[in-house]
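# Fold and contact review
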Amino acid sequence: METALAFLIGLLVAAAIYLMLARSILRFLFGLLLLSNAANLVIFASGRLTAGAPPLIPEGADAPVGFVANALPQALVLTAIVIGFGLFAFALVLVFRAYSELGTLESDDMRIAEPREPAE
Amino acid sequence: MNSLILMAGSRILVALLVVFSIFMLLRGHNEPGGGFIGGLIGAVGFVIYAISCGTASAREALRLTPETIAAVGLGVALFGGLMAAFTGDAFFTGQWLFIGETEDDKGLPLSSVLVFDVGVYLVVFGSILSLVFAMEEEI
Amino acid sequence: MSWLLALPIIIPFITAVAAFLLRTTPWGRQVSVLGSAAALIAAIALMAAVWREGVIAAQMGQWAAPFGITLVADLLSAVMVVITAITGLAVAVYALGDITERQEHLGFHALFQVLLAGVTGAFVTGDLFNLYVWFEVMLISSFGLLVLGGSKEQIDGGVKYVLLNLVSTVLFLSGIGLIYGLTGTLNMADLAVSVPQVENQGLVTVVAMMFMVAFGVKAALFPLFFWLPASYHTPAFSVSAVFAGLLTKVGVYALMRVFTLIFIGNVAYTHTILLWVACLTMVVGVLGAAAQSDFRKILSFHIISQIGYMILGLALMTPLALAGAVFYLVHHIIVKANLFLVSGVGNRIAGGTELSRIGGLYKTAPLLGFLFLIPAFSLAGFPPLSGFWAKYILVKATLDEGMWLVAGIALAVGLLTIFSMTKIWGEAFWKPHPDGVDPRLSSLPTAHRRAMMLPIAALAVLTCIIGLFPEPFVQFAERAADQLLNPADYVRAVLGIEIGGEVAP
């Protein structure tokens, strides 16, 4: 199972890099999204994949009964997803603003904050 | 969008989703649920409303701006953490109050953890809506 | 004890909430200034406690380490918290004159306070994942601050800043995942104990490099610094001052923390890379600055070159070099924030930051000229200002190691820094204004003038104090370096065990 997940992560990273090499910043953003999902999967896989029950403590007990899954990577991934969600939502709004203000999504054309090219 | 069916349906949906989100919030201490998921569900209700009736009327229905809700939520969450100060515990230590406690029944358990969760609910609710409204109004 | 550690984070958050709710009233700014002052008091109390008792740690919510969230402060963390609070207060006061009402209504003060909370949190946390969370708190508020107001230039710079920082965030997260898979813990003290016991030390080095790249982007190291000069000259001056002072330094702090506490198994490899990166960062930064002709862009490139000095101290890993790096951090934050504040006043009274279009500041605003010279000379390393001692300690540490070439680079970069500073001086202050106007401080409204000049003067005085009485500061830096090189105290404070693994009685 870990091997399959490793291949999946590899595939996601490859797709992400491909997208991030594009000039359009929207594609770059999508690539970044894939990359962050790959990172989440890395955390998930490093918690060791086990087929256990949800780590919930039944009523009246002090510890979970039987074999339960590792809860920590789940908590970490959840936090990372939440934060990633917020950041990407912001980045998407920003990219949209950039498109409507600057009229382009090509990173090569975004030079307003750069020094002016020397006159020919 | 101008669809009568959606407009009529969304009013009921908003109410349902908000009630369900509060249910999820309160259920969250021992079972799946909690402030974050509750806040998301509540926000979805208003997002549907904004899609069907426009952001202007969604903002009106909220009364407070979503940013204010998020800021208040942050304050509430902080207060939940600060409640530990009253008993001299470390920051964020859970404080419990059992109303109507008897020998074999814990009564109604109220905790600072719940206050924190309510804060999270408001933060998520407010920030999602402010982002979505901003996007809707841009386009 | 736990409150001492938590308060410097809690206070900015409370201030942020209050400032946001009051943002449309004049009270919003007062709250921001008062909150910053309170945070400074809390930070000084923390520093005093650390100085008295050594490393202190607290578990949030009383969940014992390594399971809960740990806050730890050693001398390095404490001094960073204090310096953050000082910069925060200075910029909060400065913002009274600099920030427009529109930006205030958009929530400048709230975002600013959240940024301070994020920076402080990153300095005192004792957990890698928590560090990630604080980085994000910091990032998201810095995104907001960067594009606040939303001019075209800001959005252009903002896009680059946001996207490149997100890449480093994802790398950081992957590194966290891998190190968790190797050790099963993310508590930094626990990692210090368990990383040396990992069988596959090669993979540890790989993870170390991932962290180096991730923090290297944040710290703007060569060759990962491109986002910095593309964005730091676009936002409001208060914003770029606090960015310049604090944000990259969080990256430097994170590098110093993980490469003295956790990744010390393969120093010959990792720290050699750091050494070369440090030299290249210094050189490229200062050369980049020499090619620029905008006040803020020159300063932005100088941030990069100065980061090189701090990383040089870390790369050498000797007590003296680390002390130099700590001293440099403190000195640099004060000086750099101050230079950006000066550029803001220059912009207001001379009408721009492009050096060819302004001038005459010295003739008509000599006070500003004088207050520019103090941080500028300090940056270049003139005695007896703070920068001289910082560079002196670092160069001495380099020579002690027999690295003549590196010492030569450090000194040459200092010389080139003087070149850039004289360029700013000659263009903005000495030459007459090209439009023939006389920029005067009195052209500013009195309230604005006071709010903007007071923090500049205060930070300049601080620079002079560090420069004239360096002895206690050097002693402090040496003790901080000593703590960094002997992680036993850190581990004992957090976990209550000796590094061998036995539980302390």
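Note that this is a predicted model, so its numbers are computed, not measured. (Residues numbered from 1 in each chain as written. Chains lettered and ligands numbered in written order. Predicted model: local features only at pLDDT ≥ 70, side-chain atom pairs only at ≥ 80, totals over all residues. Heavy atoms only, no water.)

Secondary structure summary: chain A contains 3 helices and 0 strands in total. Each helix (α) and strand (β) of chain A, taken in turn from the N terminus, gives the series α-α-α. By the compact-globule yardstick of 14 Å for 120 residues, chain A is too spread out, its C-alpha radius of gyration being 21 Å. Projected onto its principal axes, the C-alpha coordinates of chain A cover approximately 80 × 30 × 20 Å. (Helix = DSSP H or I, 4+ residues; strand = E, 2+ residues; numbered from the N terminus. Rg over C-alpha atoms; globule rule 2.2 N^0.38 Å.)

Here we come to the confidence of the model for chain C. Residues and elements named next belong to chain C. On average, chain C scores 88 in pLDDT, and the residues at 70 or more come to 98%. Within chain C, helix H5 (residues 108-124) carries the highest mean pLDDT (93), whereas helix H15 (residues 361-364) carries the lowest (80). Here residues 501-505 is modelled with pLDDT under 50, and outside its nearest four sequence neighbours on either side it reaches 5 contacts, counting other chains as well. Scoring the predicted complex yields pTM 0.92 and, for the interface, ipTM 0.90. (pLDDT = per-residue confidence, 0-100. Contact = heavy atoms within 4.5 Å.)

With that settled, consider the nonpolar core. In terms of nonpolar packing, the biggest core is built from 228 residues, with Leu-128, Phe-172, Met-256, Phe-263 and Phe-372 of chain C touching the most fellow members. Ranked by the residues each element gives to this core, the list is headed by helix H14 (residues 319-350) of chain C, at 19 residues. Once residues within four sequence positions are removed from consideration, Met-256 of chain C is found in contact with Leu-76, Leu-314, Leu-322, Ala-325, Val-326, Leu-329 and Leu-484 of chain C. Val-14, Phe-46, Tyr-49 and Cys-53 of chain B belong to the second-largest nonpolar core, a separate cluster that totals 15 residues. (Core = buried A, V, L, I, M, F, W, Y, C linked by side-chain atoms within 4.5 Å. Buried < 20%, exposed > 50% of the residue type's maximum accessible area, 1.4 Å probe, protein only.)

A word on the packing of helix H12 (residues 267-291) of chain C against helix H13 (residues 295-316) of chain C. All names here are of chain C. In the contact formed by H12 and H13, the axes pass within 7 Å of each other and the chain directions differ by 160 degrees. The pairing of H12 with H13 is recorded here as roughly antiparallel in orientation. In this structure, the crossing between H12 and H13 has a hand that is left-handed. Judged by residue contacts, His-271, Leu-274, Leu-275, Ala-278, Thr-281, Met-282, Gly-285, Val-286, Gly-288 and Ala-289 of H12 engage Ile-298, Phe-301, His-302, Ile-304, Ser-305, Gly-308, Tyr-309, Ile-311, Leu-312, Leu-314, Ala-315 and Leu-316 from H13. In the contact of H12 with H13, the residues fall into 15 nonpolar, 7 polar and no charged. (Axes fitted to C-alpha atoms, helices over the stretch in contact; angles between N-to-C directions. Parallel < 35°, antiparallel > 145°, perpendicular 65-115°, else oblique. Left-handed = near helix turned anticlockwise from the far one by under 90°. Nonpolar A, V, L, I, M, F, W, Y, C, P; charged D, E, K, R; others polar.)

It is worth spelling out the interface of chain C and chain A at this point. Facing 34 residues of chain C, the contacting portion of chain A comprises 38 residues. Roughly 3,100 Å² of surface becomes buried between chain C and chain A when both sides are summed, with 76% attributable to carbon and sulfur atoms. There are 0 salt bridges connecting chain C and chain A. For the interface between chain C and chain A, the tally reads 1 residue pair in polar contact (both at pLDDT 80 or more). Of all the secondary structure elements, the ones that give two or more residues to the side of chain C that touches chain A are helix H6 (128-147) and helix H7 (152-183) of chain C. For the side of chain C that touches chain A, the leading source of residues is H7 of chain C, giving 19 residues. When the residues that make up the side of chain C that touches chain A are grouped by side-chain class, the tally is 18 nonpolar, 9 polar and 7 charged. (Buried area = accessible area lost by both parts, 1.4 Å probe. Salt bridge = Lys/Arg side-chain N within 4 Å of Asp/Glu carboxyl O. Polar contact = N/O pair within 3.5 Å; in protein donor to acceptor, adjacent residues only side chain to side chain.)

Here we come to the packing of aromatic side chains. Following the criterion strictly, the structure yields 35 aromatic pairs over all chains and no others. Between Phe-90 of chain A and Phe-143 of chain C, the ring centres sit 5.4 Å apart and the planes meet at 25 degrees, which makes this aromatic pair stacked. A residue pair is termed interchain when its members come from two chains, as with Phe-90 of chain A in helix H3 (residues 71-102) and Phe-143 of chain C in helix H6. A relative accessible area of 1% places Phe-143 of chain C in the buried class. Between the aromatic rings of Phe-295 of chain C and Phe-372 of chain C, the centroid separation amounts to 5.9 Å while the plane-to-plane angle is 90 degrees, which identifies the pairing as edge-to-face. (Phe/Tyr/Trp six-rings, centres within 6.5 Å; stacked < 30°, edge-to-face > 60°.)

What follows is about the interface of chain B and chain C. Across the boundary between the two partners, chain B contributes 17 residues, which contact 14 residues of chain C. Each partner contributes to the roughly 1,200 Å² buried at the junction of chain B and chain C, and carbon and sulfur atoms together form 79% of this total. The interface formed by chain B and chain C holds 0 salt bridges in total. Counting the contacts that link chain B with chain C gives 0 residue pairs in polar contact (both at pLDDT 80 or more).

This brings us to the side chain of Asn-187 of chain C. All names here are of chain C. If you trace the backbone, Asn-187 turns up in the loop between H7 and helix H8 (188-194). Reaching out from Asn-187, the side chain makes a polar contact with the side chain of Thr-70 at a distance of 3.1 Å. If near-sequence neighbours (up to four positions away) are discounted, Asn-187 is found in contact with Ala-65, Pro-66, Thr-70, Gly-126, Asp-127 and Val-494.

With that settled, the discussion passes to helix H1 (residues 2-21) of chain C. Residues and elements named next belong to chain C. The terminal C-alpha atoms of H1 lie 28 Å apart, and with 20 residues this matches the ideal 28 Å at 1.5 Å per residue to within 8%. Of all the bends in H1, the greatest, near 40 degrees, is centred on Pro-8. Burial of H1 is extensive: 14 of the 20 residues sit out of reach of the surface. (Expected span 1.5 Å × (residues − 1). Bend = angle between axes of the 7 residues up to and from the residue.)

Let us now look at the pairing of strand S1 (residues 56-59) of chain C. All names here are of chain C. Here S1 shows two buried faces, one formed by Ile-56 and Ala-58 and the other by Ala-57 and Gln-59. Here S1 runs beside strand S2 (residues 70-73); their pairing, made up of 4 bridges, is antiparallel. Following the sheet pairing, Ala-58 is matched in S2 by Leu-71. (Pairing = 2+ DSSP bridges.)

This paragraph deals with the confidence of the model for chain A. The predicted model of chain A has a mean per-residue pLDDT of 83, with 94% of residues at 70 or higher. Averaged pLDDT values for the elements of chain A fall to 86 in H3 of chain A and rise to 92 in helix H1 (residues 2-20) of chain A.

Residue pairs spaced three or four apart in an α-helix point in one direction, given the helix's 3.6 residues per turn. For H3 of chain A, spanning 32 residues, the distance from its first C-alpha to its last is 45 Å, which sits close to the expected 46 Å at 1.5 Å a residue. Looking one or two residues past H3 of chain A, Gly-103 of chain A carries a phi angle of roughly 75 degrees, positive in sign.

This part takes up the environment of Thr-120 of chain C. Residue and element names in this part refer to chain C. Of note, Thr-120 is situated in helix H5. Along the primary structure Thr-120 and Pro-8 are separated by 112 residues, whereas in three dimensions their C-alpha atoms are 6.9 Å apart. In this structure Thr-120 touches Pro-8, Ile-9, Val-81 and Thr-84, once residues within four positions along its chain are discounted.

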